[in-house]
Amino acid sequence: MQMTFEASSSVTLLFDVWNVHGPAGMVLSVFVVLLLTVVFEILKVWRVWLSSSSRLAQRPSAYAAASFGRTESCSALDASESSLAPTETRPPSRNSWLLHVIQTCLHVLQVTLGYMLMLCVMSYNVWIFLGVVLGSALGYYVAFPLLGQMSLYGRVRH
């Protein structure tokens with residue numbers, strides 16, 4: 001196996017079935033890899049949004065809300081007393097368990113997709129590499145502004 005980049009139109013990607021011979025197959029393969037990379041970036045944003053929206057949905061206990069408003073001029077004694085004070089613990093609800101399962105599945109999907117994209121790059125084909133790089137740039141360009149809009153929507157809704 002070669003260990004340097006080359007710009008050929010024939011490559012085998014991930015599986016023996018995905019065997020590319022010719023420019024048309026290479027263009028299609030680069031497009032598929034680009035789309036997979038965009039999906040990878042969108043998954044990253046979706047996981048961040050789910051995690052932040054789940055934190056927004058959790059209501060802090062009455063004690064935590066009261067201690068949040070304290071100023072930084074509290075003495076060390078006050079700080080040690082507040083850390084020893086009992087806090088309200090809630091059993092995990094069904095929604096938080098379901099959200100955790102969804103986040104776990106998204107994490108597994110993201111890691112699997114990331115490794116598959118890494119293996120595509122390790123084919124040492126310049127065109128596939130450029131597809132991954134451009135897909136990452138396009139995915140970041142599209143997905144991260146959505147994160148800002150989704151967090152604003154989440155704050156307004158709650």
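- By the naming in an unreviewed UniProt entry, the protein goes by Copper transport protein and is assigned to Xiphophorus maculatus.
- The Sequence similarities (unreviewed entry) field of the UniProt record for the protein holds the comment "Belongs to the copper transporter (Ctr) (TC 1.A.56) family. SLC31A subfamily."

Looking at the side chain of Ser 8
Line of reasoning, step 1. Mapping Ser 8 onto the fold places it in the segment before β1 (10-12).
Line of reasoning, step 2. Among the polar contacts listed, one links the side chain of Ser 8 to the backbone oxygen of Ser 10, at a separation of 3.1 Å.

Some points on the environment of Val 38
Line of reasoning, step 1. Its place among the elements puts Val 38 in helix α1 (residues 23-57).
Line of reasoning, step 2. According to the relative accessible area criterion, Val 38 is buried, its value standing at 12%.
Line of reasoning, step 3. For the pair Val 38 and Leu 138, spaced 100 residues apart in sequence, the C-alpha to C-alpha distance is 6.5 Å.

So, the UniProt feature "transmembrane region" (unreviewed entry) in the protein
Line of reasoning, step 1. Mapped onto the present numbering, the UniProt feature "transmembrane region" (unreviewed entry) falls at residues 20-43 and 124-147.
Line of reasoning, step 2. Annotated as 88% helix and 8% strand, the span residues 20-43 places its first and last C-alpha atoms 27 Å apart.

Quick word on the environment of Met 118
Line of reasoning, step 1. Relative to the elements of secondary structure, Met 118 occurs in helix α4 (residues 94-121).
Line of reasoning, step 2. In this structure Met 118 comes out as partly exposed when scored by relative accessible area, which is 36%.
Line of reasoning, step 3. For the pair Met 118 and Val 132, spaced 14 residues apart in sequence, the C-alpha separation works out to 8.9 Å.

Quick look at the nonpolar core
Considering soluble globular proteins, one finds that nonpolar side chains tend to be buried as a cluster.
Line of reasoning, step 1. The biggest cluster of nonpolar side chains holds 21 residues, and the ones touching the most others in it are Leu 13, Met 26, Val 33, Leu 117 and Ile 128.
Line of reasoning, step 2. Mapped by element, the contributors of at least two residues to this core are α1, α4 and α5 (126-157).
Line of reasoning, step 3. Among the elements that take part in this core, α1 stands out by supplying 8 residues, more than any other.
Line of reasoning, step 4. Once you skip the residues sitting within four places of it in the chain, Val 33 turns out to touch Leu 13, Trp 18, Leu 117, Cys 120, Ile 128, Gly 131 and Val 132.

With respect to a nonpolar patch on the surface
Line of reasoning, step 1. On the surface, Phe 5, Trp 127, Phe 129, Leu 130, Val 133 and Leu 134 cluster together into a nonpolar patch covering about 550 Å² of accessible area.
Line of reasoning, step 2. Looking at where Trp 127 falls in the secondary structure, it is placed in helix α5.

Cut-offs and rules
Residues numbered from 1 in each chain as written. Predicted model: local features only at pLDDT ≥ 70, side-chain atom pairs only at ≥ 80, totals over all residues. Heavy atoms only, no water. UniProt positions renumbered as here; feature names shortened; annotations may be inferred. Helix = DSSP H or I, 4+ residues; strand = E, 2+ residues; numbered from the N terminus. Polar contact = N/O pair within 3.5 Å; in protein donor to acceptor, adjacent residues only side chain to side chain. Buried < 20%, exposed > 50% of the residue type's maximum accessible area, 1.4 Å probe, protein only. Core = buried A, V, L, I, M, F, W, Y, C linked by side-chain atoms within 4.5 Å. Contact = heavy atoms within 4.5 Å. Patch = residues over 30% accessible without salt bridge, like charges linked within 9 Å, V, L, I, M, F, W, Y side chains within 5 Å. Areas by Shrake-Rupley, 256 points an atom, 1.4 Å probe, with all protein chains shown as cover. Salt bridge = Lys/Arg side-chain N within 4 Å of Asp/Glu carboxyl O.

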